[in-house]
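Per-entry structural report
Below are the chains, spelled out letter by letter.
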Amino acid sequence: MTQYFSFEVAATDGRARTGHISTPRGDIRTPAFMPVGTAATVKAMMPESVAATGADILLGNTYHLMLRPTAERIAALGGLHEFMNWQGPILTDSGGFQVMSLADLRKLTEEGVAFRSHIDGSKHMLTPERSMEIQALLGSDIVMCFDECPALPATHKAVADSMELSMRWARRSKAAFGERPGHALFGIQQGGVTRELRAASAQKLVEIGFDGYAIGGLAVGEGQEAMFGVLDYAPDMLPKEKPRYLMGVGKPDDIVGAVARGVDMMDCVLPSRSGRTGQAWTRRGQINIKNARHADDPRPLDEECTCPACRNYSRAYLHHVFRAQEMISGMLLTWHNLHYYQELMGEMRGAIAGAAFDDWQARFHALRAEGDIEPL
């Protein structure tokens, strides 16, 4: 097994590409979807179950883990991989987005962000240096730069000032990260939906030099059309020989559109969060298992799916356990959703490798347009 971090593109089809990221903890097949394990767990799933869906890598969260149980405690217990019983690669985000969206009484300065915990009101300071320290204590395989992510819509000046601050923080993150063979540091492109700001951000990041590059500041309220508008040019501003990671995305059609535009990695809480709220994602679109029409339906969620929920349980059963508020409902629906997302990624990898991605996309959209088929 390699002792270094590397990325190889094996095939391209249009702007879509497939390949793999090599890390000391294993390979990551791209395009890759990363299930989110915010608090050192993918909610409603055992680590073995997550691996069984086909996931190569998980995402953990700096903000949540620094507050509870603390990065120092996790380090003392052997690091995040040992702590959560996941031996594959782990990417941790920097905490910047959560500080802005969750923390109380936050104060942004050049140094970083002072804030109060949303859990107990305790005071904290998160800076680029502290974010790198926390992620090192966790033992993350892929570390994200500390950045600021303004919610959209915002004024041009606000987005420009935020981008420039994030670029200064990126340089400090790189210095604090130091030399850690086998671990990677990703820079994060910002700039909202403004092409010139995205270009300036990309240039600054490339000058600093990173192991991979993320496209940040999207999926924050701008809508799919605006997001795809940015993805029409933003990935091509980043080095072709490095992995490109679109942060916080998303729905299946968001993911397919991102891959078509040259994105290699994505993450989102949606498949697990949807599973806990009675929503199932299938090749024909979204199913709301709460609906009464499923109460007597003996069919699986998706007749072509091989996950345990579809193999062993009917829609009628899933409807019943959700209505009865049984824990198994969230477990089965989450397993199904994560399985579907990984199946989606695998199909795209195969289609790109076979130079058939356009045909695959057409079938994907046609099935979703047909929608879920009513029982006879």
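Everything numeric in this text was worked out from a predicted model, so none of it was measured.

Regarding the overall build of the protein
Along the protein, the regular secondary structure elements total 15 helices and 16 strands. On C-alpha atoms alone, the protein measures out to a radius of gyration of 20 Å, which is about the 21 Å that the 2.2 N^0.38 rule sets for 376 residues. Looking at the protein residue by residue over its 376 residues, the buried ones come to 57%. Across the protein, every contact between residues at least 6 apart in sequence was considered, and the portion connecting residues at least 24 apart equals 66%. Carbon and sulfur atoms make up 52% of the accessible area of the protein, which totals about 15,600 Å².

A word on the pairing of strand β5 (residues 58–61)
Burial along β5 is two-sided: the residues Leu58 and Gly60 and Leu59 and Asn61 are all buried. Pairing between β5 and strand β6 (residues 90–93): four bridges, direction parallel. Within β6, the residue paired with Asn61 across the bridge is Asp93.

A look at the packing of helix α7 (residues 156–177) against helix α8 (residues 195–208)
Running from amino to carboxyl end, α7 crosses α8 at an angle of 10°, the nearest separation of the two axes being 10 Å. Comparing the axis directions of α7 and α8 gives the class roughly parallel. The segment α7 lies against α8, with His156, Val159, Ala160, Met163, Glu164, Met167, Ala170, Arg171 and Lys174 engaging Glu196, Leu197, Ala200, Ser201, Lys204, Leu205 and Ile208. Of the residues in the contact of α7 with α8, the class split is nine nonpolar, two polar and five charged.

Quick look at helix α9 (residues 224–231)
The set of residues buried in α9 consists of Met227, Phe228, Val230 and Leu231. Angularly, the buried residues of α9 cover 155° about the axis, an arc narrow enough to put them on a single face. On the buried face of α9, the contacting elements are α8, β12 (212–215), β13 (244–246) and α10 (252–260).

Brief notes about the sheet that holds strand β10 (residues 142–144)
With parallel pairing, eight strands are arranged side by side in an open sheet as β4-β14-β13-β12-β11-β10-β6-β5. If you trace the sheet from one side to the other, it starts and ends with β4 (32–35) and β5, each paired once. Along the sheet, successive strands turn relative to each other by an average axial angle of 25°, direction set aside. For β12 and β13, the ladder comprises three bridges, and the chain directions are parallel. Counterpart to Ile215 in the pairing with β13 is Leu246. Against the sheet, α8 touches β11 (184–189) and β12, its axis set at about 155° to β11.

As for the nonpolar core
Among the nonpolar cores identified, the biggest contains 52 residues, and Leu231, Leu246, Val259, Met266, Met348 and Phe357 are the most heavily contacted of them. Elements represented by at least two residues in this core include exactly α7, α8, β12, α9, α10, β14 (265–268), α14 (327–353) and α15 (357–370). For this core, the element with the most residues is α14, which contributes seven residues. Once residues within four sequence positions are removed from consideration, Leu246 is found in contact with Ile215, Leu218, Leu231, Ala258, Val263, Met265, Met266 and Asp267. The next biggest cluster of nonpolar side chains, apart from the first, holds 28 residues, and it includes Ala40, Leu67, Ile74 and Phe146.

Side note on unusual backbone geometry
Going from Thr30 to Pro31, the amide bond is cis rather than trans, its omega being 0°. Residue Gly250 follows Val249 across a cis peptide bond; omega there is -5°. A positive phi angle, near 75°, is found at Ala44, a position not held by glycine. Tracing the backbone through its elements, the reader meets Ala44 in the loop between β4 and α1 (47–52). Given the relative accessible area of 35%, Ala44 is considered partly exposed. Unusually for a residue other than glycine, Ala355 sits at a positive phi of about 55°. Judged by its relative accessible area of 58%, Ala355 is exposed.

Points about the environment of Val9
By secondary structure assignment, the location of Val9 is in strand β1 (residues 6–13). The contact partners of Val9, leaving out residues within four places of it in the chain, are Arg17, Thr18, Gly19 and Lys240.

Side note on the sheet that holds strand β7 (residues 104–108)
The three strands are arranged β7-β8-β9 in an open sheet whose pairing can be described as antiparallel. Each of the sheet's edge strands pairs with one partner strand only, and the pair in question is β7 and β9 (123–126). Pairs of neighbouring strands in the sheet enclose a mean axial angle of 15°, with direction left out of account. Where strand β8 (residues 113–116) lies against β9, four bridges are found, and the strand directions are antiparallel. Residue Arg116 lies in a different strand from β9, and its bridge partner there is Lys123.

Here we look at the side chain of Ser201
For Ser201, the position within the fold is in helix α8. Not counting residues up to four positions away in its chain, the partners in contact with Ser201 are Met163, Met167, Ile188, Gln189 and Gln190.

Points about the packing of aromatic side chains
Applying the stated criterion across every chain, the model contains nine aromatic pairs. Both rings, one in Tyr63 and one in Phe115, keep their centres 5.6 Å apart while their planes meet at 40°; by these two values the pair is tilted. Taken together, the residues Tyr63 in helix α2 (residues 62–67) and Phe115 in strand β8 connect sequence positions 52 residues apart. Residues Tyr63 and Phe115 agree in their burial class; the two are buried. In textbook terms, an aromatic cluster arises when at least three aromatic residues are bridged by ring pairs, as seen for Phe33, Tyr340 and Tyr341. For the cation-ring pair, Lys174 lies above Phe210, with the distance from its terminal atom to the ring centre recorded as 5.8 Å.

Calculation criteria
- Residues numbered from 1 in each chain as written.
- Predicted model: local features only at pLDDT ≥ 70, side-chain atom pairs only at ≥ 80, totals over all residues.
- Heavy atoms only, no water.
- Helix = DSSP H or I, 4+ residues; strand = E, 2+ residues; numbered from the N terminus.
- Rg over C-alpha atoms; globule rule 2.2 N^0.38 Å.
- Buried < 20%, exposed > 50% of the residue type's maximum accessible area, 1.4 Å probe, protein only.
- Contact = heavy atoms within 4.5 Å.
- Areas by Shrake-Rupley, 256 points an atom, 1.4 Å probe, with all protein chains shown as cover.
- Pairing = 2+ DSSP bridges.
- Axes fitted to C-alpha atoms, helices over the stretch in contact; angles between N-to-C directions.
- Parallel < 35°, antiparallel > 145°, perpendicular 65-115°, else oblique.
- Nonpolar A, V, L, I, M, F, W, Y, C, P; charged D, E, K, R; others polar.
- Arc of directions from axis to C-beta.
- Core = buried A, V, L, I, M, F, W, Y, C linked by side-chain atoms within 4.5 Å.
- Phe/Tyr/Trp six-rings, centres within 6.5 Å; stacked < 30°, edge-to-face > 60°.
- Lys NZ or Arg CZ within 6 Å of the ring centre and 35° of its normal.

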